[in-house]
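Chain and residue survey
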Amino acid sequence: MDLRFSAEELAFREEVRGFIRDNLPDDIREKLQLGHKTDKSDIVRWQRILNKKGWAAYSWPKQWGGPGWTPIQRMMFLEEIQTFPAPEVNPFNVTMLGPVLIQFGSDEQKNRFLPRAANLDDWWCQGFSEPGAGSDLAALKTAARREGDHYIVNGQKIWTSTAHMADWCFCLVRTNPQAPKKQEGISFLLIDMKTPGITVRPIISIDGEHHLNEVFFDDVKVPVEMRIYEENKGWDVAKFLLGNERTGIARIGKSKERINFSKQKAKEMRAHGKPLIEDSEFRRRIAALETELKSLEITQLRVLSAQKANERRQDPLTAVLKLKGTELLQATTELAMDVAGPLAMPDWADELDALSNEPELGPVWATEATRSYLFLRAASIYGGTNEIMKNIVSKGVLGL
Amino acid sequence: MDFDLTEEQRLLRESVDRLLADTYTFEKRKAYLAEPEGWSRALWSQYAELGLLGLPFAEEQGGFGGGGIETMLVMQGLGRVLALEPYLTSVVLSGTALRLAGNAALQSELLPQIAQGKLTIAFAHGERQARYDLSDVLTTAKRKGGGWVIDGAKSVVTHGDSAGKLIVSARTGGERDDPKGIALFIVDANANGVARRAYRLRDGMGAAEITLAGVEVGRDALLSEAGAAYPVIKRVAEAGIAATAAEAVGAMETMQKMTLEYLKTRQQFGRPIGENQALQHRATEMFVALEQGRSLAMLAAMMVDEPDAAERQRNFAMVKAGVGQAARFVSQNAVQLHGGIGMTEEYAVGHYFRRCMVIEHSFGDTGYHLSRLAEQVA
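Anyway, here's the lowdown on the structure attached to this text. (Residues numbered from 1 in each chain as written. Chains lettered and ligands numbered in written order. Predicted model: local features only at pLDDT ≥ 70, side-chain atom pairs only at ≥ 80, totals over all residues. Heavy atoms only, no water.)

Focus: the overall build of chain A
Just so we agree on the cut-off: Strands are runs of DSSP state E lasting at least two residues, helices are runs of H or I lasting at least four, and both sets are numbered from the N terminus onward. Only protein chains enter the calculation, and the probe is 1.4 Å; a residue is then buried if its accessible area is under 20% of its type maximum, exposed if over 50%, and partly exposed in between. By definition in these notes, contact holds between two residues if any of their heavy atoms fall within 4.5 Å. Only the protein chains shown count as cover for residues, and the accessible areas themselves come from Shrake-Rupley with a 1.4 Å probe. When charges are tallied, Lys and Arg are placed among the positive residues and Asp and Glu among the negative ones, while His and the ends of the chain are skipped. The location of each charge is read from NZ of Lys, CZ of Arg, CG of Asp or CD of Glu.
Within chain A, the secondary structure is distributed over 13 helices and ten strands. By principal-axis analysis of the C-alpha atoms, chain A measures approximately 75 × 60 × 45 Å. For chain A, the residues scored as buried account for 55% of the 400 residues in total. At a minimum sequence separation of 6, the contacts of chain A that also span at least 24 residues come to 72%. With the model as given, the accessible surface of chain A reaches about 17,900 Å², and the carbon-plus-sulfur share is 51%. One finds the centroid of the 54 positive side-chain charges in chain A at a distance of 5 Å from the centroid of its 56 negative side-chain charges.

Looking at unusual backbone geometry
Residue and element names in this part refer to chain A. Between Phe84 and Pro85 the backbone carries a cis peptide bond, its omega angle lying at -10°. Along the chain, Pro85 falls in the loop between α4 (71-83) and α5 (91-104). Although it is not a glycine, Trp159 sits at a positive phi angle of roughly 60°. Summarising the element assignment, Trp159 is placed in the loop between β3 (150-158) and β4 (168-174). Phi is positive for Asn232, which is not a glycine, with a value near 70°. Along the chain, the position of Asn232 falls in the loop between β8 (227-228) and α7 (234-244).

Some thoughts on the packing of aromatic side chains
Residue and element names in this part refer to chain A. Operational definition: To pair, rings of Phe, Tyr and Trp, with the six-membered ring standing in for Trp, must have centres within 6.5 Å; the planes then decide the type, stacked if under 30 degrees apart, edge-to-face if over 60, and tilted in the middle.
Under the criterion given, the structure shown has 21 aromatic pairs over all chains. When the centroid spacing of 5.9 Å and the interplanar angle of 75° are considered together, the rings of Phe261 and Trp365 count as edge-to-face. Placement of the pair is Phe261 in helix α8 (residues 252-268) and Trp365 in helix α12 (residues 364-375), with a sequence separation of 104 residues. Summarising the burial analysis for this pair, Phe261 and Trp365 share the class buried.

Comments concerning empty space enclosed by the protein
All names here are of chain B. Worth spelling out the cut-off: Of the grid points, spaced at 1 Å and generated over the protein atoms alone, those admitting a 1.4 Å probe that cannot get out make up cavities, while open sets with protein on both sides within 12 Å along at least five of seven lines make up pockets; any residue with an atom within 4 Å of a point is treated as lining. Grid points are joined across faces, edges and corners, and a volume is the space filled by probe spheres set on the points. Classes in brief: Ala, Val, Leu, Ile, Met, Phe, Trp, Tyr, Cys and Pro nonpolar; Asp, Glu, Lys and Arg charged; the others, Gly included, polar.
Counted according to the given criterion, the structure contains four cavities of 30 Å³ or more. In terms of lining, the largest cavity is formed by 14 residues, of which the most central are Leu134, Ala237, Ile241, His369 and Arg372. Elements with a minimum of two residues in the lining of the largest cavity: α7 (230-265), α9 (309-338) and α11 (366-375). For the lining of the largest cavity, a count of residues per class yields eight nonpolar, two polar and four charged. Of the voids in this model, the second largest cavity is the one considered here, and its volume is about 90 Å³. For the lining of the second largest cavity, the elements supplying multiple residues, two or more each, are α4 (68-81) and α5 (87-101). Of the residues forming the lining of the second largest cavity, the biggest block, three residues, is contributed by α5. The residue inventory of the lining of the second largest cavity, partitioned by class, reads six nonpolar, three polar and three charged.

Note that all results are geometric; they support no functional claim without further evidence.
As structure tokens, this is what we get:
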């Protein structure tokens, strides 16, 4: 048992840190330091810089354009990106679709989509949830009827993040409504968002932003060669996708960044006549969060250490990473918002976007800290709610 | 970075588990508790035969040169069965004090005796006014002839009732709370002027309030240079935190196991109570707390020999606070999920609960360490 990283691993971390420092465009860096949100063009620009270096598809093998990193290198890369902070690569492209294509795709599908996904030439979104299929994902109804060498897709998806900026959507559809088990009649399709019959309607979330959408499919023609893996075996692909995302699941770097950010801003804010950073209650809150984060960090290293021995073993500790990771992410964004005090209340998003000669608004970081708090209430909902995760652990791990 | 055990460490764990599985059923434990000292001298000899009592000592002192991981494995095993023997006080605390204080003559005299199971030594440091402050020592040691005279009182000295010798902290200089001016002495537990009032802690372990009135010791009783023992005392407390973190993890494992077993077998409303989602989720939260606690116990085991004192201090504060919270959560819910039977003396879970409560109040509780961490936020 040894906590120390090897000299090569430490050098790797320095290399990543140096690369971000030297290559993250100044305007994006400034945006993130001020707490502004990034937009699609920022993410595309940054991901292409990473891809040129061969790092964008950080979890993929070399053969398919990834760097072929070890689990520890992947963890270090993510943590450096998150704490710097730099924009994170598009997760739909890199951590969701990529590994699915590599595992289940035909050579033709791999060659066509993987390089474009890594370079963010195609922006992907995920069409899984439906109005009647949230936690009970296998209850999905969107139907794909076979007609010659096409599927005709009809139905509705919901909570589709970034569908309004996406070029493609990977979708779960029902190809056999008569299957004895609902999991057995599902297929995994790649759908071009420009296909006639697709309508995207925005859903504004509680942070006031447009991330989410409803997507309607009305007689949408999808070529059969856009199906991944076998017909009616899409559930296997979905399970692989949902279980695949392990290294980044705890988002420890992001929680660390929120704590660092809070400490920084707490030096500027005041409480009881002195800087907030000197307030004992505030300091204790940070101490408690850092303690929990420390133990999650060790838990993550335990998972990585076991992964070294067996890359694809299902590790029950992954559930700890998800449950604690999201709790801490939410607690740290809550902390950052609370630092702002009354400045947490204003919604300046629109005003700050516009140039104006009126009295100055600000600080930007305060309104953005609240936005981040509001947005990340979703962290314990998306990808399966924490309550569903607890159901899974109690049955699968505890045998209840 | 890896979390793998070496072959020797795996064998150590197996032999500890094998010994304890045979000797520490809950019924047998009750019999040990009923012995005058509250633990088993016969079992202590078996620990010695297995090499456990000299595990962290150097080979020339009758030991096996084990480190933090080895101690973790033993303590975790002891925690699983709620062992009563003075391993923590004699081998871990007093052993660490002797090893680090550096009096070679005392090391070669005493460490082999500990390793052979012939002698137990209690670490008599805490005082009633001190709460958890390690530098709050009022007991004094004054020079007399070539030796020292010790006066003062020590409080809640675990296994101080049964120990053959005591390691006593006393001031050779400085005022209350001054880290400078503290010394450690080895004192015969039956020396003139030593009075021990024995009692049991809430978890059944023996302890004593000890007064020292004009206790005379020779110059060779000093563990290290007079007045310079505070860094050693801190290291002893860190070793205690690491060891009890592992012990608490062992205790949590057993509580978790018992609780799951109960949830699966206890029938109410015509079905196992474990089919209720409220209880399933609670059990999952216990699992999360246990694993987070285990991570910290591992961190502690790897930190005991960290050379950077500030780094050690910060990490041990986190370990103690984090394991304390985890153990409190797991033990309170283990009792809760058992319902009425969990409240009874005759059922094991309440004994584990009380051991965790005692551990939490050793070496600084959760609040104590969190506020220390809070002071250092930068």
